Amino acid sequence: MSVVLTTASVPDQDKVAYWNDAVSRTLVPMEVAPRGDGPFDGRIATDRLGYLQVSTVEADAERVSRTPALIARSSEALVAVAVQMSGTATFFQDGRRAEVREGDLVVYDTTRPYSFDYPQRFATHVFQLPCRTLGVPNSDIRQVTGRAIGTGDGFGAMLLPFLDTLASSPADGYPPAVADRLAGNVVELFATLVAERAHPGGTDTDAPSHLVRRVRDHINRNLSDPDLSPERIARAQRISVRYLHRLFEGEGTTVGQLIRQRRLEECGRELGRRGGTAPTVSAVAQRWGFVSPAHFSRSFRAAYGVSPREWRNLRTAQEDLGGAPAVPSAPGTAPADTAGVHGADRHGVGLAPSSR
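Residues numbered from 1 in each chain as written. Predicted model: local features only at pLDDT ≥ 70, side-chain atom pairs only at ≥ 80, totals over all residues. Heavy atoms only, no water.

### As for the pairing of strand 10 (residues 114–118)
A regular strand places its side chains so that they alternate between the two faces of the sheet.
Argument step 1. The buried fraction of strand 10 amounts to 5 of the 5 residues, a majority that puts the element mostly inside the structure.
Argument step 2. Side chains Tyr114, Phe116 and Tyr118 of strand 10 all project onto a buried face; the interleaved residues Ser115 and Asp117 project onto the opposite face, where all are buried too.
Argument step 3. Here strand 5 (residues 62–66) pairs with strand 10 via 5 bridges, running antiparallel. Considered in strand 10, the bridge of Val64 is made with Phe116. (Buried < 20%, exposed > 50% of the residue type's maximum accessible area, 1.4 Å probe, protein only. Helix = DSSP H or I, 4+ residues; strand = E, 2+ residues; numbered from the N terminus. Pairing = 2+ DSSP bridges.)

### Describing empty space enclosed by the protein
Argument step 1. The volume enclosed by the largest cavity comes to roughly 130 Å³.
Argument step 2. If you trace the largest cavity, you find 14 residues lining it, with Leu27, Met30, Val64, Phe116 and Tyr118 closest to the centre.
Argument step 3. For the lining of the largest cavity, the secondary structure elements donating two or more residues are strand 5, strand 10 and strand 11 (122–130).
Argument step 4. A class-by-class count of the residues in the lining of the largest cavity yields 12 nonpolar, 1 polar and 1 charged. (1 Å grid on protein atoms, 1.4 Å probe; cavity = no way out; pocket = protein on both sides within 12 Å on 5 of 7 lines; lining within 4 Å. Points joined across faces, edges and corners; volume = space filled by probe spheres on them. Nonpolar A, V, L, I, M, F, W, Y, C, P; charged D, E, K, R; others polar.)

### A word on the sheet that holds strand 10
Argument step 1. If you trace the 5 strands from one edge of the open sheet to the other, you get 2-5-10-7-8, paired in antiparallel fashion. Edge positions in the sheet fall to strand 2 (31–34) and strand 8 (96–100), since each has one partner strand and no second. Here the strands of the sheet are splayed against their neighbours by 15° on average, with no regard to which way each runs.
Argument step 2. Where strand 7 (residues 89–93) meets strand 10, 4 bridges bridge the pair, whose relative direction is antiparallel. Across the sheet, residue Phe91 finds its bridge partner in strand 10, namely Phe116.
Argument step 3. Contacts between helix 1 (residues 15–26) and the sheet are confined to strand 2 and strand 5, with strand 2 contributing the most and set at about 145° to the helix. (Axes fitted to C-alpha atoms, helices over the stretch in contact; angles between N-to-C directions. Contact = heavy atoms within 4.5 Å.)

### A short note on helix 12 (residues 293–304)
Argument step 1. Under the 1.5 Å per step criterion, the end-to-end length of helix 12 is 16 Å for 12 residues, consistent within 8% with the ideal 16 Å.
Argument step 2. Burial in helix 12 covers these residues: His295, Phe296, Ser299, Phe300, Ala303 and Tyr304. Along the axis of helix 12, the buried residues cluster in a sector spanning 135°; they form a single face. Every exposed residue of helix 12 that faces more than 90 degrees away from the buried side is listed here: Arg298 and Ala302.
Argument step 3. Residue Gly305 follows helix 12 closely and has a positive phi angle near 85°. (Expected span 1.5 Å × (residues − 1). Arc of directions from axis to C-beta.)

### Section: the sheet that holds strand 1 (residues 3–6)
Argument step 1. Read across the sheet, 6 strands follow the order 1-3-4-11-6-9 without closing on themselves; strand pairing throughout is antiparallel. Single-partner strands in this sheet number two, and they are strand 1 and strand 9 (105–109). If you compare each strand with its neighbour and ignore which way they point, the axes differ by 15° on average.
Argument step 2. With 4 bridges joining them, strand 1 and strand 3 (residues 42–49) adopt antiparallel strand pairing. Residue pairing across strands places Val4 opposite Ala45, the latter belonging to strand 3.

### Concerning the confidence of the model for the protein chain
Argument step 1. Mean pLDDT over the protein chain stands at 82; residues scoring 70 or higher make up 84%.
Argument step 2. Looking at the elements of the protein chain, mean pLDDT is at its lowest for helix 13 (residues 308–320), recorded as 75, and at its highest for strand 10, recorded as 98.
Argument step 3. The low-confidence segment residues 329–356, where pLDDT is below 50, has 85 contacts with residues more than four positions distant or belonging to other chains. (pLDDT = per-residue confidence, 0-100.)

Printed below as a string of structure tokens:
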């Protein structure tokens, strides 16, 4: 439901205090200082599309500042995109100054100080979302802040009318499923915008590759955890689940499939070892994150064509004949260090792509 706050019916002597409170409650805590001497007028309307907050601010000349003390009062890290619909602004963040004209947009991070100086009456759309949902490195966001991004051509020319229409349409006019999908589309567009600006020409692929390696390392370190899942992995890496899946789209597999494959490989290695008292199949399955021994046995047979016990017997017989132990690898799959992934159920078994 849309919420509208306006100074229209507030006594002149109370307008500034009311407006300061309205802006701080609707967006994030900020200090607001009007630039004129006469009565101040302002209006702010806000709505939600899933985890995306969409606000439109119209006000007389003012300066707004986000200070370290105010940042300390905020509990959530947000990224915002402001689209200047009328008037101009001077924006400061991360040691950079941007002159923002009508039609320009700026990206900013609410966890670091910033300010906007509006020399005359203005209108702006503000889109706020949790930083974790954007799914891009903080270093990329920092490269984009404090810069005005023109929307006269290229990607910006496509983005501006879409954002203007979205901000001007009541969110309660969309069914919840449609609202969530729209929010996801906006996140994808913002992530593309940040990546485009942080890595002009698209030549820098090191950040995504490094993140994929980090995810693989995290999976390898936590295979024994039966609750290992895309959601937990994304949380640990401080990225969104959506971005996690996108990272692996070019890897030839899904996140859940990678978890399952790595677990099966480690189980196969352990079952193929000789010496001492051999652990039971169920003990091996549990050690590598499988909750149900029966489920593990079915998964193992589906991947390798034999049951875990048959695999153990085959490996023992091969070693008796002088053969070297082999690492199991499912027919038609890539090696473990090159496979990629979707979701995993509580047994570590990959879900079908349609269940993302």
